[in-house]
Amino acid sequence: MNYKAILSDKKLLLKIGFAFLAIVFLFVLIHILSHLGTNRRVFIYPVSGSNKTQKEVRYLSSNPVQGKIACYVDELILGPSFYRGRPLFTLGTVVDYCFLRGKTLYVGLSEEAVLQESGSRNIGESVELFKKNIRKNFTEIKNIELFIDGNFIDLSLKD
């Protein structure tokens, strides 16, 4: 078939254009419906064997039972899902409590958070990355008070 003949046929061009727009609309609709009721959240985790970090995107529920911030903190503590990603704190660390009062977030972690595994980052870097993650996703939070095993963690990090 001759390309000039196809391009000169306006009805055929109209059908091709309409089919293209319909396919684009269908993909956009599927994307919107698949993420309905969720919020896009960014997680930053260290990469094993280097000083680099890597971002990971997860879609969390818009109305979680425990609240948006507590849900995010729980997911953050669980660790990354990508290859060679390292959790911020030692595996087995759990969130004892997480609540917001004013513009200050109070988070309590279990005692496993201070344990050091071989190849893991030191506690100061982990706390700094923990705070960076929360500030990136919840801009209304001004201060983050972190407690591990009931003890306030003050690493003289810039708040």
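Our subject in this report is the structure included herewith. (Residues numbered from 1 in each chain as written. Predicted model: local features only at pLDDT ≥ 70, side-chain atom pairs only at ≥ 80, totals over all residues. Heavy atoms only, no water.)

Describing the packing of helix α3 (residues 68-78) against helix α4 (residues 123-137)
Close contact between α3 and α4 brings their axes to 11 Å; oriented N to C, the two are set at 140°. Classified by the angle their axes make, α3 and α4 are oblique. Here α3 and α4 pass one another in a crossing that is right-handed. Taking contact as the criterion, the partners of Tyr72, Val73, Leu76 and Ile77 in α3 are, on α4, Phe130, Asn133, Ile134 and Asn137. In the contact of α3 with α4, the residues fall into six nonpolar, two polar and no charged. (Axes fitted to C-alpha atoms, helices over the stretch in contact; angles between N-to-C directions. Helix = DSSP H or I, 4+ residues; strand = E, 2+ residues; numbered from the N terminus. Parallel < 35°, antiparallel > 145°, perpendicular 65-115°, else oblique. Left-handed = near helix turned anticlockwise from the far one by under 90°. Contact = heavy atoms within 4.5 Å. Nonpolar A, V, L, I, M, F, W, Y, C, P; charged D, E, K, R; others polar.)

Remarks on the sheet that holds strand β6 (residues 151-152)
Spatial strand order, β3-β4-β5-β6: four strands in an open sheet with mixed pairing. Since the sheet does not close on itself, it has two edges, and those belong to β3 (95-101) and β6, each with one partner. With two bridges connecting them, strand β5 (residues 143-148) and β6 associate as antiparallel partners. Paired with Ile148 across the bridge in β6 is Asn151. Taken strand by strand, α3 contacts β3 and β4 (104-109), and its axis lies near 145° from that of β3. Against the sheet, α4 engages β4 and β5, with an angle of about 140° to β5. (Pairing = 2+ DSSP bridges.)

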